[in-house]
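# Observations on the model geometry
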Amino acid sequence: MKRRRLQNVISAVCNTPWLILPEKLQQIRHLLALRAQGIRLTSDQIRARIGATNAPQTVESRKQVTVLNLFGTISHRANFLSEFSGGTSTEVFGKFFDEAVADPDVIAIVILADTPGGSVPGVMELSNKIYAARAKKRIITVIDPMMASAGLWIGTAASEVVASPSANQIGSVGCLLIHDDDTEALADAGIDRTIIATSEFKGELWQTLTDSAKAHLRAQCDEIHKQFVDALARNCGVSVAHVETNFGRGRTMNAAQAMAAGIVHRIATLDEVLAELGVSSEPSAGGTTGVHQTAATPPGISKDASTMNKKILTRLIRAGLVDAECTAEQYNAALGQFFADRKLTAPTGDEAIIGAIDTAIAMEGRQAGTAGAGTATPTTAGTGTTTQTTTLPVASDRMGMADVIASINLTSLNPQQRLDLQGSLLPQISTLTTAQVLDRINQAVVANSPSVGSGTVRNGAAEQDKFHAAARDAILMRRWGGDAPAQIFDSRTGQMVAFNGAAAARDYSLQSPLRIAARVLVQAGIPQSRVDQLAPMELAQLMTGVDAAQMGFLASDGPAYNVSGMFSNILFDASNVLLRRSYMDARTTFQIWMRRAESIPNFKPVHKVIAGELGDPRAIPENGAFEEVTMADGKEKYQLVVWGEMFSCSWQLIANDDLGSFMEVDQKMGRAMKRKQNRLAYGPLRDNPTMADTGALFNSTAITTAGGHNNLATGAITTRQYGAQFSTMTKKMRQQRGLDPVASSALNIAPEFVIFPSAIRDEMLYQLGSDAEPSAGHSGVTNIYQRAFTPIEEEEIGAGSGGSDTAFYLAANSGDVDTLEYAYLQGLESPRLEQAVSFDRLAIRKRIYQAFAVKAIDYRGLQKHAGA
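Described in the following lines is the structure provided in the data block.

Rules of the game
In every chain, residue numbers begin from 1 and rise along the written sequence. Confidence filtering applies because this is a predicted model: local features only for residues at pLDDT of at least 70, side-chain atom pairs given and counted only at 80 or more, and all residues used for totals across whole chains, interfaces and linings. For the side-chain quantities, the full set of heavy atoms in the structure was used; hydrogens and water were omitted. Here a strand is any run of E in DSSP of at least two residues, a helix any run of H or I of at least four, and the numbering for each starts at the N terminus. When a residue's accessible area, from a 1.4 Å probe over protein chains only, is under 20% of the maximum for its type it is buried; when over 50% it is exposed; and in between it is partly exposed. Here, residues are in contact when the closest pair of their heavy atoms is within 4.5 Å. Areas reported as accessible are Shrake-Rupley estimates using a 1.4 Å probe. Residue values count occlusion only from the protein chains shown. What makes two strands pair is DSSP finding at least two bridges between them. The axes are straight lines fitted to the C-alpha atoms, using for helices just the contacting stretch, and the angles between their N-to-C directions are given from 0 to 180°. The pairing test for Phe, Tyr and Trp rings, Trp by its six-membered ring, is centres within 6.5 Å, and the orientation test on the planes gives stacked under 30 degrees, edge-to-face over 60, and tilted for anything in between. Sitting over a ring, as applied to charges here, requires NZ of Lys or CZ of Arg to be within 6 Å of the ring centre and within 35 degrees of the ring normal. A pair is scored as a salt bridge if a Lys or Arg side-chain nitrogen falls within 4 Å of a carboxyl oxygen belonging to Asp or Glu. For a helix, the expected span equals 1.5 Å multiplied by the residue count minus one. Grouping buried Ala, Val, Leu, Ile, Met, Phe, Trp, Tyr and Cys residues that are joined through side-chain atoms within 4.5 Å yields what is termed a nonpolar core.

### Topic: the overall build of the protein chain
When helices and strands are counted, the protein chain shows 30 helices and 27 strands. Going through the 868 residues of the protein chain one by one, you find that 46% of them count as buried. Within the protein chain, residue pairs in contact and separated by at least 24 positions form 70% of the contacts whose partners lie at least 6 positions apart. In the structure as shown, the protein chain presents an accessible area of about 41,300 Å², 51% of it carried by carbon and sulfur atoms.

Following this line, the structure appears as structure tokens:
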């Protein structure tokens, strides 16, 4: 490094406010002092002295998560200091962060922090950017093992902050500035420094600081500190006073202390956080990349100074991004900036990078030479100067260079044909839409495939099946986001299959119903250029049943006549998955304690026979003769009822790209169907129906009387007096006898569940959770009903649903004695979804139905207290 540049760096370090660990700043100052003495350490030696951490390898997964490294000393732009710690440029980091936020493929962003802090510029802006993005993406900062000062300002802006268990340097809130007064050292060395400045304070930092200079520097630090603390209070949702008091006051904390202070939300490793997001730190079986990029540098770029490619370096120097003495970190950052500025994806490998740079520069040169978009060419006329602007057509939907190359490599062309196509197509991609690029690729495939014949390339059945599954999974991923399951139900096979939503989400052509509709047409054999001519309204109408011939498709287009069926089948599969999952996830309680009967094959009435019990065995006389006895039987009857709804998806919903509204109905219907069953299941408790023995399900008549069940208690209950009622109800249940109460012994049935409305929830939980008897008023009496029953809180028996806010029930285990029983129609144990293109209007119509029934079978395992 040139002497003048080095002195500028030393001056900047010494007289600039820092947001960094003091010991880290001291290390930087020490290394600069060595460099000033002519001692130049290698990158490895520097890292060994300061313990710099290299970026981890890219992790792989089935989901899309971007991991960005916030490593080393933080600076606004990549500079000389980056060499000392593998530092992070806030400018480069911000560009990659913006791309991740804008990328619909990305469902979450993880900021992996291992930084002592850094300089002030750019930190506030990056923190604000991350904080604003909370509303758009899930953002998680993982501290492993250090996040101090400037890193804290940035990292806490995430939605959630997680610390690794061993994290031990979190905090260091404050601003630091060190001024070296070298006037005496210069005098001892015989150097007389003369400062000539045109302004009063211009040279004050090059001499012994005056009180005014110290006050000025202090004011700068105080202002930065205030901004820092205000940002931390905002980021962490605490007061400024809390930050000043509890965030270490300049010191650092370990993970547990930081969590107690409110900086960290929880403690977990990076692997655990990634696992929660569906990402593994080990390569997945399928080898699908789940993390777009783990560092703010493009993949395939050398990170070691010894392996920097000279050809690439020459091109970066010409572009004005670095100088010939740049470090490996500056080289990496500049290369990342080159591709980020042009919104291009960096290819892998030095030769591919060189080709991509040359192509991009050549394209820019051609655009400049033809006065491209936004380029003004001055011309002179007489004494005045006028400006002409010639606008080059700019594609509104442009494919990147890497995407074009990838698309070409996926074709059936041989290697030479692919190279020829790349050579002819890449120079033009800036003026072509995605559809035009794909058409050109398709034309090349047709021209080089004699067996294809006229027309266009059509996908076979297997490819259409893959597209169908991908489109379905894309719709589901859009609906679920990060809450996607590992497996889903495939209605075509009737089996559970792996859910590949992340892979489908990477396909931009599946990101909306209109794009899926366009892909359906292409799958059906319609040229992409023809599809591009359709307005959104026309696409939507085609998908909802309009006659294809009226849209200008000829009979030769063939498969285009079935596009509405293809599209509706994709929606059907997605709807089925959403319906089933929401049905299974709905919160209901009847399954906990009621008995599920075998599925019923038809809608005929079901006669449920309850076998009675034998009476007490009798003494056998001396002649050994036995007297034959019979059992009393009970019989209850019920039959299935079909419940369902129908609704439609209009073409306007598709035209408006509002498929989310339509899919939301499937989820709501699944939950509604399960809630309906829950309501029906609790009907017997609410309505107290008459049983086959002519007695009401709950009555207080003695069991020795016909229709008597002796399972109903009444009377007001004093606050926290439920223990006494439990005793009475338990005794009654244990005293129940067989259906011939005179000849049978006591059945000794034990209650297992207590069912109550939310209005008396607190009272019930007091009774079931207290060590001491709540009614006793002191701790000397043991609560014998602590955890005696399984509590079931159910509002369907409350007053708001037609029941009572005071009544509660005890129920036995249905495996011991029948209580209530529910059943489904055989083959329809889950809701059935059916779908068809409507013939009376432009819409896709759906109907959902299921057959269900519930019946009180036996009263002996049930006890009710009216509570009033």
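That shown, we press on.
### Describing the sheet that holds strand S20 (residues 712-713)
The five strands are arranged S20-S27-S23-S21-S22 in an open sheet whose pairing can be described as mixed. Two strands in the sheet have a free side with no partner beyond their single neighbour: S20 and strand S22 (790-793). Judged from the four bridges that link them, strand S21 (residues 751-756) and S22 form a sheet pairing that is parallel. Among the inter-strand pairings, Phe-756 is bridged to a residue of S22, identified as Glu-793. In this fold helix H29 (residues 722-734) packs onto S20, S21, strand S23 (808-812) and strand S27 (862-865), with an angle of close to 40° to the strand it touches most, S23.

### Looking at unusual backbone geometry
The amide bond that connects Asp-144 to the next residue, Pro-145, takes the cis arrangement and shows omega of 0°. Relative to the helices and strands, Pro-145 resides in strand S6 (residues 138-148). Located in the positive-phi region is Ser-149, a residue other than glycine, with phi close to 50°. One can find Ser-149 in the loop between S6 and helix H7 (150-155). Although it is not a glycine, Asn-748 sits at a positive phi angle of roughly 55°. Examined against the element boundaries, Asn-748 turns out to sit in the loop between H29 and S21.

### Some thoughts on the packing of aromatic side chains
The final tally for this structure, using the stated rule, is 13 aromatic pairs. Aromatic pair Phe-590 and Tyr-822: ring centres 5.0 Å apart, planes at 85°, arrangement edge-to-face. Remark: Tyr-822 occurs in strand S24 (residues 820-824) and Phe-590 occurs in helix H25 (residues 590-593); sequence separation between them is 232 residues. Judged by its relative accessible area of 6%, Tyr-822 falls in the buried class. Measuring from ring centre to ring centre gives 5.5 Å for Phe-698 and Tyr-809, while their planes differ by 50°; the resulting arrangement is tilted. With Phe-698 in the loop between helix H28 (683-687) and S20 and Tyr-809 in strand S23, this pair connects stretches of sequence that are 111 residues apart. Of the two residues, Phe-698 and Tyr-809, both sit in the buried class. The rings of Tyr-722, Phe-726, Tyr-785, Phe-789 and Phe-808 are connected pair by pair, giving a single aromatic cluster. Taking NZ or CZ as reference, Lys-674 lies 4.5 Å from the ring centre of Tyr-583, over its face.

### Focus: the environment of Gln-220
Along the chain, Gln-220 falls in helix H9 (residues 211-236). Between the alpha carbons of Gln-220 and Cys-175 there is a distance of 9.1 Å; along the sequence they are 45 residues apart.

### Comments concerning the pairing of S27
The alternating pattern of S27 places Leu-862 and Lys-864 and Gln-863 and His-865 on opposite faces, both of which are buried. Across four bridges, S23 lies against S27 in antiparallel orientation. Bridge pairing in S27 links Ala-811 to Leu-862.

### Focus on the pattern of salt bridges
A pair can form between side chains of opposite charge whenever their charged atoms are brought close. Scanning all chains against the criterion turns up 16 salt bridges. With its nearest N and O atoms 2.9 Å apart, the salt bridge here joins Asp-666 to Lys-846. In this pair, Asp-666 is assigned in helix H27 (residues 659-681) and Lys-846 in strand S26 (residues 843-856), connecting sequence segments 180 residues apart. Like Lys-846, Asp-666 is buried.

### Quick notes on H9
Its 26 residues give H9 an end-to-end C-alpha distance of 37 Å, which sits within 8% of 38 Å, the value for a rise of 1.5 Å per residue. All of the buried residues along H9 are Ala-213, Leu-217, Cys-221, Ile-224, Phe-228, Val-229, Ala-231, Leu-232, Ala-233, Asn-235 and Cys-236.

### As for the nonpolar core
Judged by nonpolar contacts, the single largest core of 54 residues is most densely connected at Phe-97, Ile-130 and Ile-170. A per-element tally of this core places H9 first, with 10 residues. If you look at the next biggest cluster of nonpolar residues, it comprises 52 residues, including Ala-268, Ala-517, Ala-518 and Leu-534.

### Observations concerning the side chain of Lys-855
Within the secondary structure, Lys-855 is located in strand S26. The class of Lys-855 is buried, set by a relative accessible area of 15%. What Lys-855 contacts, discounting residues up to four positions off in sequence, is Glu-636, Lys-637, Tyr-638, Thr-819, Leu-820 and Glu-821.

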